[in-house]
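# Coordinates in review
The lines below spell out each chain.
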Amino acid sequence: MHNARPRVLVLGGTGEGREIAARLADSVDLEVVTSLAGRVRDPRWPEGEVRVGGFGGAEGLAGWLAENEIRALLDATHPFASRITANGHLAARTCEIPFAVCQRPSWAQHPQDRWFPARDLSHAAELVPVLGTRAFLTIGRQGVSAFAKVSGVSFLVRSIDPPTGAMPAPHELILARGPFDVESERELMRRRGIDVVVTKSSGGDQTYAKIVAARQLGLPVIVVERPPAPEGVESFNSPSAAAAWLESTVT
């Protein structure tokens, strides 16, 4: 196929991805396609052309990029979507096109925060029974099974969609989508008797209220650190900078 305007692909599914698509929706210089993994039942739809579903790993993505004459690839997925990021990096190298990452900044620790960093979810699961007996698990639906074998702790699990894999026992599940406010988060933790919070270092405003609520209640928070980005990859922490990069790269 041949396109009048150069095409770029944004690996999306985040607020940053939607903002990038919106910023470039009326561009006369390039055409933006946003890819959604399709793992959320009711995703927030970005502006412009959208592709839903996986590619079949780095090899499948590289084939799609070549077939669709994609001129640049931007990863604006969740900071913990490390496999997608790695596949995007490899596919872009295979196709010899520019690749960059856009990730929201991590949350900064407040002096009154009681944070306990965890290398990964398995490490977080080891820390939970050391810090409490009633845990608020807010890590999304993937990875909850890492806590399935934790003993002596009951879990309040919250995610947008039902988690995959084994669940901790005992547990209570809440299906909800942010943004959340501080008052309701604080009341939820009080009402459920939460004494430790588990979260990923996701950043952004959508779920930051739980951090503030835990701070106000003096609760310990286990913060799972982000996986490292591929070495040597250009990275942006704002959608505006990422959108400007796409425009300057292909025009």
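Structure's up top.
Quick look at the structure, then. Given the structure is predicted, the values throughout are model-derived calculations rather than measurements.

Contact geometry for helix H1 (residues 15-24) and helix H7 (residues 239-250): axes closest at 9 Å, N-to-C directions at 50°. Between H1 and H7, the crossing angle belongs to the class labelled oblique. In this structure, H1 crosses over H7, and the sense of that crossing is right-handed. Residues Glu16, Glu19, Ile20, Arg23 and Leu24 of H1 touch H7, and the partners they reach there are Pro239, Ser240, Ala242, Ala243, Leu246 and Glu247. Looking at the contact of H1 with H7 residue by residue, the class counts come to 6 nonpolar, 1 polar and 4 charged.

This paragraph deals with the packing of helix H5 (residues 182-191) against helix H6 (residues 209-217). Contact pair H5 / H6: the axes reach a minimum separation of 8 Å and the direction vectors enclose 55°. When the interaxial angle is binned, H5 and H6 end up oblique. Of the two possible hands of crossing, H5 and H6 adopt the one that is right-handed. On H6, the residues touching Val182, Glu185, Arg186, Met189 and Arg190 of H5 are Ala209, Lys210, Val212, Ala213, Ala214, Gln216 and Leu217. Split into classes, the residues belonging to the contact of H5 with H6 amount to 7 nonpolar, 1 polar and 4 charged.

The next thing to look at is the sheet that holds strand E10 (residues 196-200). Strand pairs in the sheet, formed through backbone hydrogen bonds, run parallel or antiparallel to each other. Pairing is parallel in the open sheet, where 6 strands are placed in the order E6-E11-E10-E7-E8-E9. What marks the edges here is a single partner per strand, and that holds for strand E6 (114-118) and strand E9 (171-175). Each strand axis lies, on average, 20° off the axis of its neighbour in the sheet, ignoring direction. Here strand E7 (residues 134-138) pairs with strand E8 (residues 154-159) via 4 bridges, running parallel. If you follow Leu137 over to E8, its bridge partner there is Val157. Along the sheet face, H6 touches E6, E7, E8, E10 and strand E11 (220-224) and points at about 155° away from the line of E10.

Parameters at a glance
- Residues numbered from 1 in each chain as written.
- Predicted model: local features only at pLDDT ≥ 70, side-chain atom pairs only at ≥ 80, totals over all residues.
- Heavy atoms only, no water.
- Axes fitted to C-alpha atoms, helices over the stretch in contact; angles between N-to-C directions.
- Helix = DSSP H or I, 4+ residues; strand = E, 2+ residues; numbered from the N terminus.
- Parallel < 35°, antiparallel > 145°, perpendicular 65-115°, else oblique.
- Left-handed = near helix turned anticlockwise from the far one by under 90°.
- Contact = heavy atoms within 4.5 Å.
- Nonpolar A, V, L, I, M, F, W, Y, C, P; charged D, E, K, R; others polar.
- Pairing = 2+ DSSP bridges.

Remember, this is a structural readout, not a statement about activity or role.
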